[in-house]
Amino acid sequence: DTYITDVNKGDWTKVANVKFDKGASAITAKVRSKSGGVIKVCTKQTGDAVAYIEVPAGSEMQEVEAAVFGELHGTTDLYFIFSADGIEFDSWKAE
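Because the structure is predicted, anything quoted here is derived from the model rather than measured.

1. A closer look at the environment of Asp-48
Here is step 1 of the chain: Note on placement: Asp-48 falls in the loop between strand E3 (37-42) and strand E4 (49-55).
Here is step 2 of the chain: As for Asp-48 and Val-68, which are separated by 20 residues in sequence, their C-alpha atoms are 12 Å apart.
Here is step 3 of the chain: If near-sequence neighbours (up to four positions away) are discounted, Asp-48 is found in contact with Val-41, Cys-42 and Thr-43.

Structural data, given as structure tokens:
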């Protein structure tokens, strides 16, 4: 199992060409952070957010669901931008 670790505030990761044929109303992420934080989800690196994933403080991986409030239709890139040091990001899915 591979996941993102050693994150610093402002770091980001991109998933290219994600297909949202039916759109999405929520994004669920498997995450952890000793001190908590937020992951901003955007379709452009400097774009407006389509969701904010609140990462609770804790030592165990948790599945966290965030409502999508922007448009996610068709094929687009997704950027996950980290607001704090120490967030670990295992996986995500859109529903």
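2. Overview of the sheet that holds E3
Here is step 1 of the chain: Strands sit in the order E1-E6-E3-E4 across an open sheet of four strands; the sheet is antiparallel. With partners counted over all chains shown, the strands left at the sheet margins are strand E1 (12-20) and E4, one partner each. In this sheet, adjacent strand axes meet at a mean angle of 20° when their direction is disregarded.
Here is step 2 of the chain: With six bridges joining them, E3 and E4 adopt antiparallel strand pairing. Within E4, the position partnered with Gly-37 by the bridge is Val-55.

3. Structural notes on the pairing of E4
Here is step 1 of the chain: Counted residue by residue, E4 has five buried out of seven residues, so it is predominantly covered.
Here is step 2 of the chain: Hairpin geometry of E3 and E4 is characterised by an intervening segment of six residues between the two adjacent antiparallel strands.

What counts, and at which threshold
- Residues numbered from 1 in each chain as written.
- Predicted model: local features only at pLDDT ≥ 70, side-chain atom pairs only at ≥ 80, totals over all residues.
- Heavy atoms only, no water.
- Helix = DSSP H or I, 4+ residues; strand = E, 2+ residues; numbered from the N terminus.
- Contact = heavy atoms within 4.5 Å.
- Pairing = 2+ DSSP bridges.
- Axes fitted to C-alpha atoms, helices over the stretch in contact; angles between N-to-C directions.
- Buried < 20%, exposed > 50% of the residue type's maximum accessible area, 1.4 Å probe, protein only.

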